Amino acid sequence: QLQLVESGGGLVQAGGSLRLSCAASGRPFSYFAIGWFRQAPGKERAIVAHISKSGYSTYHADSVKGRFRIYRDNVKNTVYLQMNSLKPEDTAVYYCAAALVDGPTSTMDYWGKGTLVTVSS
């Protein structure tokens, strides 16, 4: 089993920044590609960003491209999501998830419990 714990969420004003962390334990971290997803109230969960097992390949949804950046530290077993220029529409619960298969469309095998990000206008 792989355990994922998100942290770093909170309340921030529009235009501000947050960095989310996803700490993994239980299995070798480098075996897994990691995705960040978010779910806003009344909306379906959607992918925000994805990073390959090696960290060399990343994907960012169009809605966050140029504002968010995903990166990983395989020594610290942690994936980060740096979020800049936040907008009220970024308000959501953010989840990290892990997959044994690379690629942003792969089925995720493990999920964290989420961290809430609230952006005030």
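Residues numbered from 1 in each chain as written. Predicted model: local features only at pLDDT ≥ 70, side-chain atom pairs only at ≥ 80, totals over all residues. Heavy atoms only, no water.

Trp 36, Leu 81, Met 83 and Tyr 94 are the most contacted members of the largest nonpolar core, which has 30 residues in total. Among the elements of the structure, β3 (18–25), β4 (33–39), β5 (46–51), β7 (68–73), β8 (78–83), β9 (92–99) and β11 (115–120) are those that each provide at least two residues to this core. (Core = buried A, V, L, I, M, F, W, Y, C linked by side-chain atoms within 4.5 Å. Buried < 20%, exposed > 50% of the residue type's maximum accessible area, 1.4 Å probe, protein only. Helix = DSSP H or I, 4+ residues; strand = E, 2+ residues; numbered from the N terminus.)

Below, the discussion takes up the pattern of salt bridges. Taken as a whole and judged by the stated rule, the model has three salt bridges. One salt bridge connects Asp 90 with Arg 38, and the closest N-O pair in it is separated by 2.9 Å. With Asp 90 in the loop between β8 and β9 and Arg 38 in strand β4, this pair connects stretches of sequence that are 52 residues apart. Arg 38 sits in the buried class, given a relative accessible area of 15%. Between Asp 62 and Lys 65 there is a salt bridge, and its shortest N-O distance comes to 3.1 Å. (Salt bridge = Lys/Arg side-chain N within 4 Å of Asp/Glu carboxyl O.)

Now for the state of the cysteines. Throughout the structure, instances matching the rule amount to one disulfide. Between the sulfur atoms of Cys 22 and its disulfide partner Cys 96 the distance amounts to 2.1 Å. Taking the torsion about the sulfur-sulfur bond, which here is approximately 65 degrees, the covalent link between Cys 22 and Cys 96 counts as right-handed. Of this pair, Cys 22 sits in strand β3 while Cys 96 sits in strand β9; the two residues are 74 residues apart in sequence, bridging distant segments of the chain. Judged by its relative accessible area of 0%, Cys 96 is buried. (Disulfide = S-S within 2.5 Å.)

By the secondary structure assignment, Ala 23 is in strand β3. On the basis of relative accessible area, Ala 23 is assigned to the partly exposed category, the value being 35%. The sequence separation of Ala 23 and Thr 78 amounts to 55 residues, and the corresponding C-alpha distance is 4.5 Å.

Glancing now at the environment of Thr 115. Summarising the element assignment, Thr 115 is placed in strand β11. Leaving out residues up to four positions away in the same chain, Thr 115 has contacts with Glu 6, Ser 7, Gly 8, Gly 9, Leu 20, Ala 92, Val 93 and Tyr 94. Within polar-contact distance, the side chain of Thr 115 engages the backbone nitrogen of Gly 9 at 3.2 Å. (Contact = heavy atoms within 4.5 Å. Polar contact = N/O pair within 3.5 Å; in protein donor to acceptor, adjacent residues only side chain to side chain.)

Turning next to the sheet that holds β8. Spatially, four strands are ordered β1-β3-β8-β7 in an open sheet, and the strand pairing comes out antiparallel. Two strands close off the open sheet at either side, each with one partner strand: β1 (3–7) and β7. Going across the sheet, the axis of each strand differs from the next one's by a mean of 15 degrees, ignoring polarity. Bridge count between β3 and β8: six bridges; the pairing is antiparallel. Along β8, the bridge assignment pairs Leu 20 with Leu 81. (Pairing = 2+ DSSP bridges. Axes fitted to C-alpha atoms, helices over the stretch in contact; angles between N-to-C directions.)

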